[in-house]
Amino acid sequence: MRWVVCALVLFGFAPSAFAQDFDILRGAESVGPATFTNWTGFYIGGQWGYSDASGDFSKSTQAPIAYVLRNSLLEQYSHPSDLPTLGTADQTASSYGGFVGYNSQWQDLMLGFEANFVHTNASLNAPSSPIARSDFSDGNGNSYTVAISATGTMTDLNYVALRGRAGLILGSLLPYGFLGAVVGVANIDVNANVEGTCDPGSSTSCAPFSFTASGGRNSAVLYGGTVGAGLDYALTQNVFLRGECEYTRFAPFADVMIAISSVRIGGGFKF
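Below or above, wherever it landed, is the structure these notes cover. On a predicted model such as this, the values are computed, not experimentally measured, just so you know.

Moving on, we get to the overall build of the protein. What the protein contains, in helices and strands, is 3 helices and 10 strands. Across the protein, helices and strands are ordered from the amino to the carboxyl terminus as α-β-α-α-β-β-β-β-β-β-β-β-β. In the protein, which comprises 271 residues, the proportion classed as buried is 37%. In the protein, the share of contacts with a sequence separation of at least 24, taken over all contacts with a separation of at least 6, comes to 75%. When the accessible area of the protein is evaluated, it comes to approximately 14900 Å², of which 62% is carbon and sulfur surface.

If you want it as structure tokens, here you go:
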């Protein structure tokens, strides 16, 4: 009878006592639906930050002064227009704007494009160092002392960046980099006063002069490029936060070189 008792114990009590050890034989259990962030689609948003704007005005007076002296032998022989009077201006100010774009998701890779609008409150005023130098010859035995003073400003800078983006999808995080072209509008104003007086020993044909020269334009159109990186964080499937840094550089306008470094935060809605 011992084997009968053992069989009853094994098959009667073992299933309840060791049921957990045999769950693997029952097959896979059902689980909840998988959740992940879908970055594909159009989106729109706004942003705010700080921009450090710099403007190199060191060559901005050369063309205007050379133009007003274009008919003089003094400019042809001695080039007083090359005298530097303005320097590089720099200012940090707040900026704000908005963006609209489209993401295309390829497994863990995001590719997309974006139009990004920025208005910066930076106003640049170039440092000025009036200068006077003598012994400028006109080739006819006359010698001049030339004095130049100047001012240079840049205000009301707005620009739109058309950027291509690429990022790596890490769940709710989307670190990305971008590269693009920029079109901007700003008021650029350069004014110079140039005066010449005859040095002792000059002939009677030497004549003093005084001219005002100007350059730049209101609503000047600027072209350039931009590069940077950022991080989007999905709060929900449709709402995300953003932080990024950007460097923008414009081609010279009126021989003024403008560059902007920006950091900003923002948020957006994905459709």
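Within the secondary structure, S81 sits in the loop between helix 3 (73-78) and strand 2 (88-106). Using a relative accessible area of 4% as the deciding quantity, one classes S81 as buried. Looking at S81, its side chain comes within polar contact range of the side chain of E75, at 2.7 Å. Not counting residues up to four positions away in its chain, the partners in contact with S81 are Q62, I65, A66 and E75.

Within a pair of aromatic rings, the relevant descriptors are the distance that separates the centres and the angle that separates the planes. Per the counting criterion, the structure on display carries 12 aromatic pairs. Between Y159 and F250 the ring centres are 5.9 Å apart and the planes differ by 75 degrees, which places this aromatic pair in the edge-to-face class. Here Y159, found in strand 6 (residues 143-168), pairs with F250, found in strand 9 (residues 239-250); they are 91 residues apart in sequence, far enough to count as distant. With respect to burial, Y159 and F250 carry one shared label: buried. Between the aromatic rings of F269 and F271, the centroid separation amounts to 5.3 Å while the plane-to-plane angle is 80 degrees, which identifies the pairing as edge-to-face. Its relative accessible area of 60% is what places F271 among the exposed residues. Put simply, the rings of W39, Y43, F99 and F240 pair up and form one aromatic cluster. A cation over a ring is seen here: R70 above Y67, with NZ or CZ 4.0 Å from the ring centre. Directly above the ring of F178 sits R163, whose terminal nitrogen or CZ lies 3.7 Å from the centroid.

Attention now goes to the nonpolar core. F57, V146, M154, L157, L222 and F250 are the most contacted members of the largest nonpolar core, which totals 39 residues. Within the residue set of this core, elements represented by two or more residues are strand 2, strand 5 (131-137), strand 6, strand 7 (173-198), strand 8 (209-234) and strand 10 (257-270). Setting aside its immediate chain neighbours within four residues, F250 contacts L157, Y159, V182, G184, L222, Y223, G224, M257, I258 and I260.

Before going further, it helps to examine unusual backbone geometry. Phi angles above zero are rare outside glycine, and D135 is one such case at about 65 degrees. As for its position among the elements, D135 is in strand 5. A positive phi is found at S219, a non-glycine position, where the angle reads about 55 degrees. Tracing the chain through its elements places S219 in strand 8.

Cut-offs used in this document
Residues numbered from 1 in each chain as written. Predicted model: local features only at pLDDT ≥ 70, side-chain atom pairs only at ≥ 80, totals over all residues. Heavy atoms only, no water. Helix = DSSP H or I, 4+ residues; strand = E, 2+ residues; numbered from the N terminus. Buried < 20%, exposed > 50% of the residue type's maximum accessible area, 1.4 Å probe, protein only. Contact = heavy atoms within 4.5 Å. Areas by Shrake-Rupley, 256 points an atom, 1.4 Å probe, with all protein chains shown as cover. Polar contact = N/O pair within 3.5 Å; in protein donor to acceptor, adjacent residues only side chain to side chain. Phe/Tyr/Trp six-rings, centres within 6.5 Å; stacked < 30°, edge-to-face > 60°. Lys NZ or Arg CZ within 6 Å of the ring centre and 35° of its normal. Core = buried A, V, L, I, M, F, W, Y, C linked by side-chain atoms within 4.5 Å.

Spatial relationships are all this shows, so hold off on functional conclusions.
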